[in-house]
Each structure stands twice: as structure tokens, then as C-alpha cells.
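What follows is the residue order along each chain.
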Amino acid sequence: APEQLRGICDARSDVYSLGITLYELAAGVNVWNERSKLLSESERNDLSLPLIQDVCKNIPLNLALVIMKCCEFDPQNRYQSASELQ
């Protein structure tokens, strides 16, 4: 999760990781290629994911919304815990 670059980690970081995993599985893409792994913290904080609906046209809308909320860069905009995903 982006906040881990600043040494901050909580349940929302795990939600982000789950979201990235779901995004990659559903879209069939590697979200962070080698180039993006080398970006500085400020550059990575400005990096946003393409909407999964643009990458995977046949994904159900409800699933797309859940995945994109998990992948929000700002932890306040994500699900605050895995239990909120129910």
C-alpha cells in the first residue's frame, strides 16, 4: 500500500493489497510493472490505476466497484477493514 512507503501500516493496507490482488486476477494484468516499482514515493502517490472496467470490459459492475474502492490510494477512501467487504 502507498502508505507503507511512509512506514504506516494498518488494516487498510491489507485491504489495498487484497484489492490489487483482485484487480490483477480479474483484469489479467500486472498492476505494478518494473518501472512503477522504481518510482519515488511522491510519484507513486500520484499514480492511479485505470478503472478496471476499462481494462476488463466484462467485469460485473458491483465487483468493479468493490475492487476500485479497495485500491484507493488514500486509506480514508478505502474500506476500513476486511469485514466491511461483506
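Just above, that's the structure.
Residues numbered from 1 in each chain as written. Predicted model: local features only at pLDDT ≥ 70, side-chain atom pairs only at ≥ 80, totals over all residues. Heavy atoms only, no water.

1. A short note on the packing of helix 1 (residues 11-27) against helix 5 (residues 61-70)
- Contact pair helix 1 / helix 5: the axes reach a minimum separation of 7 Å and the direction vectors enclose 135°. Taken together, the axes of helix 1 and helix 5 are oblique relative to one another. The interaxial crossing formed by helix 1 with helix 5 has left-handed handedness. Where helix 1 approaches helix 5, its residues V15, Y16, G19, L22, Y23 and A26 are matched on the opposing element by I67, M68 and C70. (Axes fitted to C-alpha atoms, helices over the stretch in contact; angles between N-to-C directions. Helix = DSSP H or I, 4+ residues; strand = E, 2+ residues; numbered from the N terminus. Parallel < 35°, antiparallel > 145°, perpendicular 65-115°, else oblique. Left-handed = near helix turned anticlockwise from the far one by under 90°. Contact = heavy atoms within 4.5 Å.)

2. Points about the pattern of salt bridges
- A complete count under the given rule lists two salt bridges for this structure.
- Salt-bridge contacts for R78 lead to E3; the nearest nitrogen and oxygen are separated by 2.8 Å. Taken together, the residues R78 in the segment after helix 5 and E3 in the segment before helix 1 connect sequence positions 75 residues apart.
- Since its relative accessible area comes to 2%, E3 is described here as buried. (Salt bridge = Lys/Arg side-chain N within 4 Å of Asp/Glu carboxyl O. Buried < 20%, exposed > 50% of the residue type's maximum accessible area, 1.4 Å probe, protein only.)

3. Considerations on the packing of aromatic side chains
- In the structure shown here, the tally under the stated rule is one aromatic pair.
- Ring geometry for Y16 against F73: centres 5.8 Å apart, planes inclined by 85°, an arrangement best described as edge-to-face. Of this pair, Y16 sits in helix 1 while F73 sits in the segment after helix 5; the two residues are 57 residues apart in sequence, bridging distant segments of the chain.
- The exposure class assigned to Y16 is buried, which follows from its relative accessible area of 2%.
- A cation over an aromatic ring shows up here: K69 above the ring of Y79, its NZ or CZ 4.8 Å from the ring centre. (Phe/Tyr/Trp six-rings, centres within 6.5 Å; stacked < 30°, edge-to-face > 60°. Lys NZ or Arg CZ within 6 Å of the ring centre and 35° of its normal.)

4. Some remarks on the environment of V29
- Structurally, the position occupied by V29 is in the loop between helix 1 and helix 2 (34-37).
- Excluding its chain neighbours within four sequence positions, the residues that come into contact with V29 are Y23, E24 and V55.

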